[in-house]
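Fold and contact review
Take a look at the letters that make up each chain.
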Amino acid sequence: MRDESAAQQGARVTVDVRPVITIRRPRPDVAAFMFDPANDLRWTGGITASRPDQPGRLREGATVVRTARFLGRTFDYGYLVTRHEPDRLVEMRVERPFPMQVTYELEDAPGGATSVAVRAAGSPGRFFGWAGPQLTRQVRRSITADLERLRTCLES
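Quick look at the structure, then. These numbers come from a predicted model, not from an experiment.

Describing the overall build of the protein chain
- Scanning the protein chain from terminus to terminus reveals 5 helices and 8 strands.
- Written out in order from the N terminus, the α and β elements of the protein chain read α-β-β-α-α-β-β-β-β-β-β-α-α.
- By residue count, 44% of the 156 residues in the protein chain fall in the buried class.
- Taking as baseline every contact in the protein chain between residues at least 6 positions apart, the subset at least 24 positions apart corresponds to 50%.
- Accessible surface for the protein chain amounts to roughly 8,400 Å². Of this, 50% is attributable to carbon and sulfur atoms.

Here is the structure:
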C-alpha cells in the first residue's frame, strides 16, 4: 500500500456538525418562518441575497441561489431541496463553498416549544481540506449564530 500525500489526506477531511437550539414557539410557526427563503436574510448570516425559483416555503425540487461571504470570499451558490417533510424537515444539497448536505430538522419540545437542528455534512476537498478542524469549528460557529438569530426573530 502506498502512502498518501497530505493533500490527498486533506481532501477526505469531513465536516459534520449539528447544532441544536430550542425556540419557544410551536413547530408549525418555526417551519413557516424557517422554511421560507423570503426570511433567509433575517436569520442566515453571511448572505447578502437569497433568490428562490418559486415563492413560498421550500419543498422537494425547489432551488434557491444565495450570494454569500465565507472565509473572505464572495460567491453565489445554489441549493436544491432533495427531501421535504412538511413542518418537520428540509434537506438540501449544496455545492459551494464545498459539496455538502444541509438539513433543517424540527421536533416538538416540552411546553409547546420546538427543537431546531441544522446539520451540515460534506467534504471540503482540496481547496478547503487544509483547514480541517478549523473549518469544522467555523461551520459550527456560523450555524450556531444562525440559530440564535432565528430564535431572536421568532421569540421577539
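Read on, since the account is not over.
Section: the layout of surface pockets
- By volume, the largest pocket is sized at about 520 Å³.
- Along its surface, the largest pocket is lined by 29 residues, and R66, Y77, M100, S142 and D146 are the ones closest to its centre.
- Sorting the residues of the lining of the largest pocket by element identifies strand 4 (63–70), strand 5 (73–85), strand 6 (89–94), strand 7 (100–109), strand 8 (113–122) and helix 5 (132–155) as the ones contributing at least two each.
- By residue class, the composition of the lining of the largest pocket is 19 nonpolar, 5 polar and 5 charged.

Let's talk about the nonpolar core
- Counting residues in each nonpolar core, the largest one holds 36 residues, and the members touching the most others are M34, Y104, V116 and L150.
- Among the elements that line this core, the one with the most residues is helix 5, at 6 residues.
- Here M34 is in contact with W43, Y104, L106, V116, V118 and L150, once residues within four sequence places are set aside.

Focus on the environment of E85
- One can find E85 in strand 5.
- We classify E85 as partly exposed; its relative accessible area is 30%.

What about the side chain of T44?
- Residue position: T44 is located in the loop between helix 3 (40–43) and strand 3 (47–52).
- For T44, the contacting residues outside a window of four places in its chain are R66, D146 and R149.

With respect to the pairing of strand 2 (residues 20–23)
- Only one face of strand 2 is buried: it carries I21 and I23, and the other face, with V20 and T22, is open.
- Looking at chain direction, strand 2 and strand 8 are connected through 4 bridges and run antiparallel. Following the sheet pairing, V20 is matched in strand 8 by A117.

Thoughts on helix 2 (residues 27–34)
- When we look at burial in helix 2, the residues that qualify are R27, V30, A31, F33 and M34. Along the axis of helix 2, the buried residues cluster in a sector spanning 165 degrees; they form a single face.

Points about the side chain of D87
- The residue D87 is located in the loop between strand 5 and strand 6 in this model.
- Reaching out from D87, the side chain makes a polar contact with the side chain of R57 at a distance of 2.6 Å.
- Discounting residues that sit within four places of it in the chain, D87 has contacts with R27, P28, A31, F35, R57 and L106.

Topic: the environment of M92
- One can find M92 in strand 6.
- For M92, a relative accessible area of 2% gives the class buried.
- Not counting residues within four places of it along the chain, the set of residues in contact with M92 comprises L58, Y79, L80, V81, T82, M100, Q101, V102 and Y104.

Regarding the pattern of salt bridges
- Taken as a whole and judged by the stated rule, the model has 13 salt bridges.
- In this structure, E105 engages R18 in a salt bridge whose closest nitrogen and oxygen atoms are separated by 3.0 Å. Here the residue E105 occupies a position in strand 7, and R18 occupies one in the loop between strand 1 (15–17) and strand 2, the gap between them amounting to 87 residues.
- Residue R18 is classed as partly exposed on the basis of its relative accessible area, which comes to 38%.
- In this structure, D40 engages R66 in a salt bridge whose closest nitrogen and oxygen atoms are separated by 3.0 Å. Remark: R66 occurs in strand 4 and D40 occurs in helix 3; sequence separation between them is 26 residues.
- Through salt bridges with shared partners, a single network forms among R83, E85 and E91.

Reading the values: rules and limits
- Residues numbered from 1 in each chain as written.
- Predicted model: local features only at pLDDT ≥ 70, side-chain atom pairs only at ≥ 80, totals over all residues.
- Heavy atoms only, no water.
- Helix = DSSP H or I, 4+ residues; strand = E, 2+ residues; numbered from the N terminus.
- Buried < 20%, exposed > 50% of the residue type's maximum accessible area, 1.4 Å probe, protein only.
- Contact = heavy atoms within 4.5 Å.
- Areas by Shrake-Rupley, 256 points an atom, 1.4 Å probe, with all protein chains shown as cover.
- 1 Å grid on protein atoms, 1.4 Å probe; cavity = no way out; pocket = protein on both sides within 12 Å on 5 of 7 lines; lining within 4 Å.
- Points joined across faces, edges and corners; volume = space filled by probe spheres on them.
- Nonpolar A, V, L, I, M, F, W, Y, C, P; charged D, E, K, R; others polar.
- Core = buried A, V, L, I, M, F, W, Y, C linked by side-chain atoms within 4.5 Å.
- Pairing = 2+ DSSP bridges.
- Arc of directions from axis to C-beta.
- Polar contact = N/O pair within 3.5 Å; in protein donor to acceptor, adjacent residues only side chain to side chain.
- Salt bridge = Lys/Arg side-chain N within 4 Å of Asp/Glu carboxyl O.

Bear in mind that shape data such as this cannot, by itself, settle questions of function.
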